[in-house]
Amino acid sequence: MTLAIFLSILSIHLIAAMSPGPSFVVAVRTAASDGFRPAFGLAVAFGLGAVIWALAALSGLSVLFEIFPRAYLAFKLAGGLFLIWIGVKTFRHAADPLPEATTLASPRSLPNAFRLGLMTQLSNPKPAVFYGAVFAGLIPPETPLVVKAVLLFFVFFDETLWYVIVARLFSRQKARQAYGRAKLWTDRILGGVIAAFGLRIATS
């Protein structure tokens, strides 16, 4: 694998990571409502989830989905229902007051945020197909294991860095205050968007 191909893969992945999706919506809401610390845990989980899907693609999961379309359908349905559940829960609690995030405690614990991030990232099996297509076209079969390991590290780094930036931007005091003032309709809209993503994943 040449350096140009390596950088091309990372660029494609970074663009894909920055594309708005359910993970982005969950990240924005978590940062604005719970503060930076939980949103940071979410970002790390998103990075780990991306690595899991990339590793699955390298292991041939995308090919397995093509051979057994029912397995892919089951993944999509389960992931879509999970996102719909998050969306409905967000919508139902839209009227709840915004809790105060302090340095001593946060409304959502770090482990809880990490679990939410990992489940959100793994609820969409389409990254396995995305990585499978990119890797199949750009990674030669004879690529050394160490090169693949470095590639996976940068997949984690890209994904995590992007969502850490999102966490920092939307957890700032002004952003948090603006979110607090518009929480009712913001949560209803975000909940609807998350549920819509889930429905789209489940039915596409």
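Draft legend 1. Region of the structure containing the packing of helix α3 (residues 36-58) against helix α8 (residues 145-170). One way to put it is that α3 packs onto α8 with a least axis distance of 8 Å and a crossing angle of 150°. Between α3 and α8, the angle is such that the two are roughly antiparallel. Crossing geometry of α3 relative to α8 is assigned as right-handed. Grouping the amino acids of the contact of α3 with α8 by side-chain chemistry returns 18 nonpolar, two polar and three charged.

Draft legend 2. Main features of the nonpolar core. Ala27, Leu42, Leu83, Ile86, Tyr163, Val166 and Ile194 are the most contacted members of the largest nonpolar core, which totals 18 residues. Of all the secondary structure elements, the ones that give two or more residues to this core are α2 (22-34), α3, α5 (69-92), α8 and α10 (183-203). Excluding anything up to four places from it in sequence, leucine 42 contacts Val26, Ala27, Thr30, Ala113, Leu116 and Gly117. Ala56, Ala128, Leu152 and Val155 belong to the second largest nonpolar core, which has ten residues in total.

Draft legend 3. Expanded view of helix α1 (residues 3-18). With 16 residues, α1 extends 23 Å between its outermost C-alpha atoms, agreeing within 8% with the 22 Å of an ideal straight helix rising 1.5 Å per residue. The set of residues buried in α1 consists of Phe6, Ile9, Leu10, His13 and Ala17. Mapping the buried residues of α1 onto a view down its axis gives an arc of 95°, with all of them on the same face. In α1, the exposed positions angled more than 90 degrees off the buried face are occupied by Ala4 and Ile15.

Draft legend 4. Structural detail: the pattern of salt bridges. Under the criterion given, the structure shown has one salt bridge. The shortest N-O distance in the salt bridge between arginine 29 and aspartate 187 comes to 3.0 Å. In this pair, arginine 29 is assigned in helix α2 and aspartate 187 in helix α10, connecting sequence segments 158 residues apart. In terms of burial, arginine 29 and aspartate 187 fall into one category: buried.

Draft legend 5. Fine view of helix α6 (residues 110-122). In this model, α6 (13 residues) spans 18 Å end to end at C-alpha, consistent with the 18 Å of a helix rising 1.5 Å per residue. Listed as buried for α6 are Ala113, Leu116, Gly117, Leu118, Thr120 and Gln121. Along its buried surface, α6 packs onto α2, α3, α5 and α8. For α6, the side-chain oxygen to backbone nitrogen distance between the N-cap and asparagine 112 is 3.2 Å, and the N-cap itself is serine 109.

Draft legend 6. How the structure looks around the packing of helix α9 (residues 173-181) against α10. Running from amino to carboxyl end, α9 crosses α10 at an angle of 90°, the nearest separation of the two axes being 5 Å. Considered as vectors, α9 and α10 are oriented roughly perpendicular to each other. Together, Tyr179, Gly180 and Arg181 of α9 and Lys183, Thr186 and Asp187 of α10 make up the contact between the two elements. Residues of the contact of α9 with α10, tallied by class, amount to one nonpolar, two polar and three charged.

Draft legend 7. Spatial organisation of the packing of aromatic side chains. One pass over the full model with this rule turns up six aromatic pairs. Relative to tryptophan 162, the ring of phenylalanine 24 lies with its centre 6.4 Å away and its plane at 15°, an arrangement referred to as stacked. Residue phenylalanine 24 is located in helix α2, and its partner tryptophan 162 is located in helix α8; the two are separated by 138 residues in the primary sequence. A residue is classified by how much of its surface remains accessible, and tryptophan 162, at 18% relative accessible area, is buried. With 5.3 Å between their ring centres and 75° between their planes, phenylalanine 153 and phenylalanine 154 make a pair best called edge-to-face. The exposure class assigned to phenylalanine 154 is partly exposed, which follows from its relative accessible area of 30%. Members of the aromatic cluster, each reached through a chain of ring pairs, are Phe153, Phe154 and Phe157. If you follow arginine 168 out to its NZ or CZ, it ends over the ring of phenylalanine 36, 4.0 Å from the centre.

What counts and what doesn't
Sequence order as written defines residue numbering, which begins from 1 separately in each chain. Reporting in this predicted model follows two pLDDT cut-offs: at least 70 for local features of residues, and 80 or more for side-chain atom pairs to be given and counted; totals over whole chains, interfaces and linings ignore these cut-offs and use all residues. Excluded from the side-chain calculation are hydrogens and water; included are all heavy atoms of the structure. To get an axis, a line is fitted to the C-alpha atoms, and for a helix only the part in contact is used. The angle between two axes follows their N-to-C directions and goes from 0 to 180 degrees. Every helix listed is a DSSP run of H or I at least four residues long, and every strand listed is a run of E at least two residues long, numbered separately from the N terminus. Angular relationships are summarised with four words: roughly parallel below 35 degrees, roughly antiparallel beyond 145, roughly perpendicular across 65 to 115, and oblique for the angles in between. Put simply, a crossing is left-handed when the front helix is turned counterclockwise from the back one by less than a right angle, and right-handed when it is turned clockwise. In the scheme used here, Gly and all other residues not listed as nonpolar or charged are polar, with Ala, Val, Leu, Ile, Met, Phe, Trp, Tyr, Cys and Pro taken as nonpolar and Asp, Glu, Lys and Arg as charged. In these notes, a set of buried Ala, Val, Leu, Ile, Met, Phe, Trp, Tyr and Cys residues joined through side-chain atoms within 4.5 Å is what counts as a nonpolar core. The buried label goes to any residue with under 20% of its type's maximum accessible area, the exposed label to any with over 50%, and the partly exposed label to all in between, with areas taken from a 1.4 Å probe on protein chains only. We call two residues in contact whenever any of their non-hydrogen atoms come within 4.5 Å of each other. An expected span of 1.5 Å times one less than the residue number is assigned to each helix. To obtain the arc, one takes the directions from the helix axis to the C-beta atoms. Salt bridges are counted wherever a side-chain nitrogen of Lys or Arg sits within 4 Å of a carboxyl oxygen of Asp or Glu. In protein, a polar contact requires one atom able to donate a hydrogen and another able to accept it; more generally it is a pair of N or O atoms within 3.5 Å, and residues adjacent in sequence count only if both atoms are side-chain atoms. Between rings of Phe, Tyr and Trp, where Trp is taken as its six-membered ring, a pair exists when centres lie within 6.5 Å; planes separated by under 30 degrees are stacked, by over 60 edge-to-face, and by other angles tilted. By the criterion adopted, a ring carries a charge over it if an Arg CZ or a Lys NZ lies within 6 Å of its centre and within 35 degrees of its normal.

Coordinates in, geometry out; function isn't part of it.
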